[in-house]
Amino acid sequence: MPGSNDFERSPRLADLAHLIRLPAALSVPGDVLAGAVASAGPPRPRVLGTMASSVALYWAGMALNDYADATVDAVERPERPIPSGRVARRTALATATGLTAAGLGLAALTGGRRALGVALPLTGLVWAYDLGLKSTPAGPAAMAGTRALNVLAGAEPGRRTTALPAALLIGAHTYTVTALSRHEISGAPRALPAATLAGSTATALTAAALPGLRRRGRTARIGAATGALGYLASYGAAQVRAVREPSATNVRTAVGTGIMSLMPLQAALTAAAGSALPAGALALAHPLARRLARKVSPT
């Protein structure tokens, strides 16, 4: 029974790393960065605190997801930390609670009430998704909302509307990944990866042609196009394989690839806002993140 083996020993750090999907958090800072540069140009020092807050909330969501799904995982994913007995269910809940408190605390320290104005609804949406919305028709939209709010968390208060295009594109991408993730165990009808592929293609094309790119110059246009192409080459290729053979393995691969492919999309959006160096850093970090994801699954 999941949760019945609440053993006394503390879990190993490696087990906690699997619980919170440690490498997947590398996809989080780029959300904040894209929002920051879209609203205020070169990122300011407070962005680092916002990134740390967002990572803590992301990890909290991963731990809470496994807490909520312990019974289902015992059947579908017995290798996960809780059903395998490597992490007690109560430890997952405590981890989620502690990381949530840390994320909100960092948001308050970084930006006060204005930062909490985004961090609190983001936290509420994360907990609502894991504890109730995940298995409902609203699930993909809820998860998309968390990523969109993450982008807005990075934007300068009072100028968050300028980050809305980036937030909507990252939210749209997240919707496709979440829709696919519902079929990681049983496989998907072929129409689903075909639809998500169409969605991610539209996302890439929009990111490469955002309003204002022309006046930002050639470097911004090239950076946006390169990031969008890298995004589509990575995530799109995985979805093409799932269209050809929508097996559980191919769908699961597309989901994992989609999570990490946020980074070239974030790079495209950051470059489109005129911040070439941060965009380049995101693009260069993507291969490292993919290698780490082979060691600890992001799904």
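Bear in mind that the values here come from a model prediction, so they are computed numbers and not experimental data.

(A) Spotlight on the packing of helix α3 (residues 46–68) against helix α5 (residues 89–133). With their axes 5 Å apart at the nearest point, α3 and α5 run at an angle of 155° to one another. Between α3 and α5, the interaxial angle falls into the category roughly antiparallel. As α3 packs across α5, the resulting crossing turns out to be left-handed. Classifying every residue of the contact of α3 with α5 by side-chain character gives 22 nonpolar, 10 polar and 3 charged.

(B) Quick peek at a nonpolar patch on the surface. A cluster of nonpolar residues, Leu26, Leu288 and Leu292, forms a patch on the protein surface that exposes about 220 Å² of accessible area. Within the secondary structure, Leu292 is located in helix α13 (residues 276–295).

(C) Expanded view of unusual backbone geometry. Here Arg21, not a glycine, exhibits a phi torsion of approximately 55°, which is positive. Among the secondary structure elements, Arg21 is positioned in the loop between α1 (13–19) and α2 (29–40).

(D) Quick look at the nonpolar core. Counting 50 residues, the largest nonpolar core has Tyr58, Ile170, Leu180, Ile259, Leu265 and Leu269 as its most contacted members. Among the elements that take part in this core, helix α7 (residues 164–181) stands out by supplying 7 residues, more than any other. For Ile259, the residues in contact, after removing those within four places along its chain, are Ala24, Ser27, Tyr58, Val177, Pro298 and Thr299. The next biggest cluster of nonpolar side chains, apart from the first, holds 11 residues, and it includes Ile20, Ile82, Val87 and Leu99.

(E) Geometry of the pattern of salt bridges. Going through the model one piece at a time under the given rule, you end up with 9 salt bridges. Close ionic contact of Asp31 with Arg147 constitutes a salt bridge, the shortest N to O distance being 2.6 Å. With a gap of 116 residues between them, Asp31 in helix α2 and Arg147 in helix α6 (residues 139–154) connect regions that are remote in the sequence. The class for Asp31 is buried, based on a relative accessible area of 0%. Of the residues examined, Arg147 reaches a relative accessible area of 7% and is grouped as buried. Arg44 is the partner of Glu156 in a salt bridge, and the nearest nitrogen-oxygen pair spans 3.5 Å. Placement of Glu156 in the loop between α6 and α7 and of Arg44 in the loop between α2 and α3 is noted, with a sequence separation of 112 residues between them.

(F) Geometry of the environment of Ser234. Along the chain, the position of Ser234 falls in helix α10 (residues 218–244). Residue classification places Ser234 among the buried residues on the basis of a relative accessible area of 9%. Spatially, the C-alpha atoms of Ser234 and Ala254 are 9.2 Å apart, while their sequence positions differ by 20 residues. The residues contacting Ser234, other than those within four sequence positions of it, are Thr257, Ser261, His286 and Arg290.

(G) Local environment of the side chain of Arg80. Tracing the backbone shows Arg80 in the loop between α4 (70–76) and α5. Residue classification places Arg80 among the buried positions, given a relative accessible area of 6%. Setting aside chain neighbours within four positions, we find Arg80 in contact with His18, Leu19, Arg21, Asp66, Asp73, Arg86 and Thr299.

(H) Local environment of the packing of aromatic side chains. Tallied over the full model, the rule gives 1 aromatic pair. Judged by centre distance (6.0 Å) and plane angle (45°), the rings of Tyr231 and Tyr235 are tilted. Highlighted residues: Tyr231 and Tyr235, both in helix α10, separated by 4 residues, approximately one helical turn. Pair check on accessibility: Tyr231 and Tyr235 agree, each one buried. The side chain of Arg89 reaches across the aromatic face of Tyr67, ending 4.3 Å from its centre.

(I) Molecular detail of the confidence of the model for the protein. Summary statistics for the protein give a mean pLDDT of 93 and a share of 97% for residues scoring 70 or more. Between residues 1–8, whose pLDDT stays under 50, and residues either more than four places distant or in other chains, the model counts 15 contacts.

(J) Examining the layout of surface pockets more closely. By volume, the largest pocket is sized at about 1,100 Å³. What lines the largest pocket is a set of 45 residues, among which Asn65, Tyr129, Lys134, Met143 and Ser181 lie closest to the centre. Sorting the residues of the lining of the largest pocket by element identifies α3, α4, α5, α6, α7 and α11 (248–260) as the ones contributing at least two each. A class-by-class count of the residues in the lining of the largest pocket yields 17 nonpolar, 15 polar and 13 charged. Counted as a void, the second largest pocket has a volume near 310 Å³. Taken together, 14 residues line the second largest pocket, and the ones lying closest to its centre are Thr253, Gly256, Thr257, Ala293 and Arg294. Of all elements in the fold, only α10, α11 and α13 reach the threshold of two or more residues within the lining of the second largest pocket.

Definitions and cut-offs
- Residues numbered from 1 in each chain as written.
- Predicted model: local features only at pLDDT ≥ 70, side-chain atom pairs only at ≥ 80, totals over all residues.
- Heavy atoms only, no water.
- Axes fitted to C-alpha atoms, helices over the stretch in contact; angles between N-to-C directions.
- Helix = DSSP H or I, 4+ residues; strand = E, 2+ residues; numbered from the N terminus.
- Parallel < 35°, antiparallel > 145°, perpendicular 65-115°, else oblique.
- Left-handed = near helix turned anticlockwise from the far one by under 90°.
- Nonpolar A, V, L, I, M, F, W, Y, C, P; charged D, E, K, R; others polar.
- Patch = residues over 30% accessible without salt bridge, like charges linked within 9 Å, V, L, I, M, F, W, Y side chains within 5 Å.
- Areas by Shrake-Rupley, 256 points an atom, 1.4 Å probe, with all protein chains shown as cover.
- Salt bridge = Lys/Arg side-chain N within 4 Å of Asp/Glu carboxyl O.
- Core = buried A, V, L, I, M, F, W, Y, C linked by side-chain atoms within 4.5 Å.
- Buried < 20%, exposed > 50% of the residue type's maximum accessible area, 1.4 Å probe, protein only.
- Contact = heavy atoms within 4.5 Å.
- Phe/Tyr/Trp six-rings, centres within 6.5 Å; stacked < 30°, edge-to-face > 60°.
- Lys NZ or Arg CZ within 6 Å of the ring centre and 35° of its normal.
- pLDDT = per-residue confidence, 0-100.
- 1 Å grid on protein atoms, 1.4 Å probe; cavity = no way out; pocket = protein on both sides within 12 Å on 5 of 7 lines; lining within 4 Å.
- Points joined across faces, edges and corners; volume = space filled by probe spheres on them.

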